[in-house]
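Residues per chain, in single letters:
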Amino acid sequence: MSKQVFFIFILLFSFTNIAANDNPKWGSTGHRAIGVIAEKHLTKKAKKQINKLLQGQSLAFVSTYGDDIKSDSRYAKFYTWHYVNFPFNSKYENSDKNPKGDIVTGINTCISILKDKNTSQEDQIFYLKFLVHLIGDLHQPLHVGRGEDKGGNDIQVRWHNKGTNLHRVWDSNMIESWNMGYTELAKNAKKLNKPQIQSIQKGTVLDWTYESQKLAIQVYKSAEIGEKLGYKYSYKHFGTVRSQLQKSGIRLAKILNDIYG
Ligand code: ADE
Ligand code: ZN
Ligand code: ZN
């Protein structure tokens, strides 16, 4: 291989790596598990209407849409909708808002557009798919993390001896290492009775935001910069991941039942 060709290879390889690392999300497995769990809690009427709108595509299938459009510049105005950052010692209501919007205003916008009878079919589909995604993101604690480190994206750590960052550990590394498909993850969710489900469905989008932020405070304490994380970390924190995925699915169903039920 000539020197030039080798150089081009290295260049291409590093660009693809940068692109892959710069796309923060609950991995597709997490989002899809949330979709499967939500479907189990939909009313018949909601299920029917959603099925018609999405032309048979499952909530699991559409759940990653919000991230799929991130690389398309036509959707740039939605980028900040995936997260919110506000100081841990203050209330969302009293803190400076991102003028481009955040996950709280994003979710509420989706809900009001979907409730509006005059919304076009095209917009109904778009905002439904986006809502499914955002309710997932809201339950990843670091989507309500600190602005200074971009919700942990700037905190480099090692995962089973590979470079990653704390945000990614919570978006996808832990889930992928667990080695369960999204259907299995959903099937193995904790068995809950009706009062437990109703208790999870209580509250507002803002309450769930504070709940995530409280978890984020613990997540920041869980690892140091450069720390080598692996089995021990999963053993300690995967329970939180599973419980957040389950809460997210159950709450997504509640919101969809309110809109369509
Ligand atoms: N993803 C990109 N920027 C982020 C931020 N500031 N907080 C959380 N998640 C993010
Ligand atoms: Zn993320
Ligand atoms: Zn997202």
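To be clear, the structure that these remarks concern was listed above.
What counts as what
Residues numbered from 1 in each chain as written. Chains lettered and ligands numbered in written order. Predicted model: local features only at pLDDT ≥ 70, side-chain atom pairs only at ≥ 80, totals over all residues. Heavy atoms only, no water. Donors = N, O, S within 2.8 Å, 3.2 Å for Na, K, Ca; no water. Helix = DSSP H or I, 4+ residues; strand = E, 2+ residues; numbered from the N terminus. Buried < 20%, exposed > 50% of the residue type's maximum accessible area, 1.4 Å probe, protein only. Near = heavy atom within 4 Å. Polar contact = N/O pair within 3.5 Å; in protein donor to acceptor, adjacent residues only side chain to side chain. Areas by Shrake-Rupley, 256 points an atom, 1.4 Å probe, with all protein chains shown as cover. Nonpolar A, V, L, I, M, F, W, Y, C, P; charged D, E, K, R; others polar.

Chemist: Before we move on, could you go through the coordination of the zinc ion (ligand 3) and cite the residues and values that matter?
Modeler: On the protein side, the zinc ion (ligand 3) has H82 (ND1), H133 (NE2) and D137 (OD) as donor atoms, found 2.0 to 2.2 Å from it. In the primary sequence, the donor residues of the zinc ion (ligand 3) line up as H-x50-H-x3-D. Separating the zinc ion (ligand 3) from the zinc ion (ligand 2) is a gap of 5.8 Å. Of this pair, H82 sits in the loop between α5 (65–68) and α6 (103–115) while D137 sits in helix α7 (residues 121–138), and the two are 55 residues apart along the sequence. Residue D137 is classed as buried on the basis of its relative accessible area of 0%.

Chemist: I'd like a description of the site of ligand 1, backed by residues and values.
Modeler: Ligand 1 sits among 8 residues. The nearest are Y83, N85, L142, K150 and G151. Between ligand 1 and N85, the relevant distance is 2.8 Å, taken from a nitrogen atom to a side-chain nitrogen or oxygen of the residue. At a separation of 3.5 Å, a nitrogen atom of ligand 1 approaches a polar backbone atom of G151. Computed on the free molecule, ligand 1 has an accessible area of 260 Å², of which 93% lies beneath the protein chains in the complex. Taken together, the residues of the shell around ligand 1 break down into 3 nonpolar, 4 polar and 1 charged.

Chemist: Provide a residue-level description of unusual backbone geometry, including the pertinent values.
Modeler: The phi torsion at H160 lies on the positive side, around 45°, for a residue other than glycine. Relative to the helices and strands, H160 is located in the loop between β1 (156–159) and β2 (162–165). The exposure class assigned to H160 is partly exposed, which follows from its relative accessible area of 34%. The phi torsion at N161 lies on the positive side, around 70°, for a residue other than glycine.

Limitation: the analysis is restricted to geometry and does not speak to function.
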